[in-house]
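One-letter residues, chain by chain:
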Amino acid sequence: MLNITLTDEQVFSLISQLPREKKKELLDQLRFEEWLDTPEALKLKEEREKEIRDGKTLTLDQLKEKLRAHGKNI
């Protein structure tokens, strides 16, 4: 696998070339990753682990929709 190093400016330049919808998807993903480190996320993770143990599962998209329904901007 080839690795390259980009400056912040290069990354911003690449992002600025994305279509609006792709930028929104990227921002949503970054917000979600940031939210994963919160106490609320830990609680939800514990609930999800219990759901999985009980045979109840959600897809990542279903989980995000559940969070959005509770007013979270993720």
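The structure displayed is predicted, hence computed values, not measured ones. Residues take numbers from 1 onward in each chain, read along the sequence in its written order. Only residues with pLDDT of at least 70 are given local features in this predicted model, and only at 80 or more are side-chain atom pairs given and counted; all residues enter the totals for whole chains, interfaces and linings. Heavy atoms throughout the structure, all of them, feed into the side-chain values; hydrogens and water do not.

Some points on the nonpolar core
Inclusion rule: The term nonpolar core refers to a set of buried residues drawn from Ala, Val, Leu, Ile, Met, Phe, Trp, Tyr and Cys, joined through side-chain atoms within 4.5 Å. Throughout this description, buried means an accessible area under 20% of the type-specific maximum (1.4 Å probe, protein chains only), exposed means over 50%, and partly exposed covers the range between. In this text, helices come from DSSP runs of H or I with a minimum length of four residues, and strands from runs of E with a minimum of two, each type numbered from the N-terminal end.
Among the nonpolar cores identified, the biggest contains 6 residues, and these are Phe32, Trp35, Ala41, Leu44, Leu63 and Leu67. Counting residues per element, the ones that place at least two in this core are helix 2 (20-35), helix 3 (39-53) and helix 4 (60-69).

Describing the packing of aromatic side chains
Note the threshold: In summary, the pairing rule links any two rings of Phe, Tyr or Trp, Trp by its six-membered ring, whose centres are within 6.5 Å, and it sorts them by plane angle into stacked for under 30 degrees, edge-to-face for over 60 and tilted for everything else. Placement of a charge over a ring requires the Lys NZ or Arg CZ to be within 6 Å of the ring centre, with the centre-to-atom vector within 35 degrees of the ring normal.
Evaluated as defined, the whole model comprises 1 aromatic pair. Ring centres of Phe32 and Trp35 lie 6.1 Å apart, and the angle between their planes is 25°; this geometry places the pair in the stacked category. Remark: Trp35 and Phe32 occur in helix 2; sequence separation between them is 3 residues, near one turn of the helix. Note on Phe32: relative accessible area 6%, which makes it buried. Geometry around Phe32 places Lys64 over its ring, the cationic atom sitting 5.1 Å from the centre.

Here's the deal with the pattern of salt bridges
Threshold: For salt bridges, the criterion is a side-chain nitrogen of Lys or Arg within 4 Å of an Asp or Glu carboxyl oxygen.
Across all of its chains, the model carries 9 salt bridges by this definition. One salt bridge connects Lys45 with Glu49, and the closest N-O pair in it is separated by 3.8 Å. One end of the pair is Lys45 and the other is Glu49, both in helix 3 and 4 residues apart, which spans about a single turn. Overall, Glu49 belongs to the partly exposed group, its relative accessible area being 35%. Asp54 is paired through a salt bridge with Lys50; the nearest N and O atoms lie 2.8 Å apart. A relative accessible area of 46% places Lys50 in the partly exposed class. The network of salt bridges with shared partners includes Lys24, Asp28, Arg31, Glu65 and Arg68.

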